[in-house]
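# Residue-level structure breakdown
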Amino acid sequence: MSSHHSRFTCSPAQKRLQKELVSLIKEPPPGVIIDGESVGQSLDLLVLSINGAQGTIYEGEQFQLQFRFGPKYPFDSPEVVFVGSEIPVHPHVYSNGHICLSILTDDWSPALSIFSVCVSIISMLSSCKEKKRPPDDSMYVKTCSKNPKKTKWWYHDEEV
């Protein structure tokens, strides 16, 4: 009966998340702000701030990004949505905060991480030339599931 079999043993998902969070807090991607206080509260939910990159149409704006991790992480992608009062106006971001980005569903791989998702989202925002909602925004927001991972996304254009 060794002591490491206590009820505090971490699942592989939690171990991986702890490792990712430690390195994220030490070296966050440029433009990402992590509140060290909120990180310790729950391993399955993380909210961080993203600053619009300089020289882009989102410069000076700040957005909250929420990650929700299931027990199968990293083999299963996290649920990632924008939350709060400032949802970026972007052709791939719905007004309810859902993000149409292939690495969050079909193209997810266990090699990806919180870091790489943040970098992809910042890059998606930074390359945008015009602030507008997806064409089907109001219909989608009315009819979608609360969980964006249940949406069957159609990836319209790879340019935006």
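Residues numbered from 1 in each chain as written. Predicted model: local features only at pLDDT ≥ 70, side-chain atom pairs only at ≥ 80, totals over all residues. Heavy atoms only, no water.

The name an unreviewed UniProt entry gives the chain is N-terminal E2 ubiquitin-conjugating enzyme, with Daphnia pulex as the organism.

What follows is about the sheet that holds strand S3 (residues 62–68). If you trace the 4 strands from one edge of the open sheet to the other, you get S1-S2-S3-S4, paired in antiparallel fashion. The open sheet has two edge strands with one neighbour each: strand S1 (32–34) and strand S4 (79–83). With direction set aside, neighbouring strand axes in the sheet form an average angle of 30°. Pairing of S3 with S4, which is carried by 5 bridges, proceeds in the antiparallel orientation. Counterpart to Phe67 in the pairing with S4 is Val80. (Pairing = 2+ DSSP bridges. Helix = DSSP H or I, 4+ residues; strand = E, 2+ residues; numbered from the N terminus. Axes fitted to C-alpha atoms, helices over the stretch in contact; angles between N-to-C directions.)

Attention shifts here to the environment of Glu59. Along the chain, the position of Glu59 falls in the loop between strand S2 (45–51) and S3. Using a relative accessible area of 42% as the deciding quantity, one classes Glu59 as partly exposed. For Glu59 and Ser126, which are 67 residues apart along the polypeptide, the C-alpha to C-alpha distance reads 9.0 Å. Among residues more than four places away in sequence, those in contact with Glu59 are Gly52, Ala53 and Gln54. Only 2.6 Å separates the side chain of Glu59 from the backbone nitrogen of Gly55, close enough to count as a polar contact. (Buried < 20%, exposed > 50% of the residue type's maximum accessible area, 1.4 Å probe, protein only. Contact = heavy atoms within 4.5 Å. Polar contact = N/O pair within 3.5 Å; in protein donor to acceptor, adjacent residues only side chain to side chain.)

Structurally, Gln62 can be placed in strand S3. The class for Gln62 is partly exposed, based on a relative accessible area of 38%. Separated by 31 residues in the primary sequence, Gln62 and Gly31 place their C-alpha atoms 9.2 Å from one another. Those residues in contact with Gln62, other than ones at most four positions away along the chain, are Ile33, Ser49, Ile50, Asn51 and Glu86. There is a polar contact of 2.9 Å between the side chain of Gln62 and the side chain of Asn51.

Secondary-structure assignment places Ile99 in the loop between S4 and helix H3 (114–126). As for Ile99 and Phe82, which are separated by 17 residues in sequence, their C-alpha atoms are 7.6 Å apart.

Geometrically, the link from Tyr73 to Pro74 is a cis peptide bond, its omega value of 5° lying close to zero. Following the sequence through the fold, Pro74 ends up in the loop between S3 and S4.

Attention shifts here to the packing of aromatic side chains. If you walk through the whole model with that rule in mind, you get 6 aromatic pairs. Between the aromatic rings of Tyr73 and Trp108, the centroid separation amounts to 6.0 Å while the plane-to-plane angle is 40°, which identifies the pairing as tilted. Of the two residues, Tyr73 is situated in the loop between S3 and S4 and Trp108 in the loop between S4 and H3; the sequence distance between them amounts to 35 residues. Like Tyr73, the residue Trp108 is buried in the burial classification. When the ring of Tyr94 is compared with that of Tyr140, the centres are 4.2 Å apart and the planes differ by 40°; the resulting orientation is tilted. Of this pair, Tyr94 sits in the loop between S4 and H3 while Tyr140 sits in helix H4 (residues 137–143); the two residues are 46 residues apart in sequence, bridging distant segments of the chain. (Phe/Tyr/Trp six-rings, centres within 6.5 Å; stacked < 30°, edge-to-face > 60°.)

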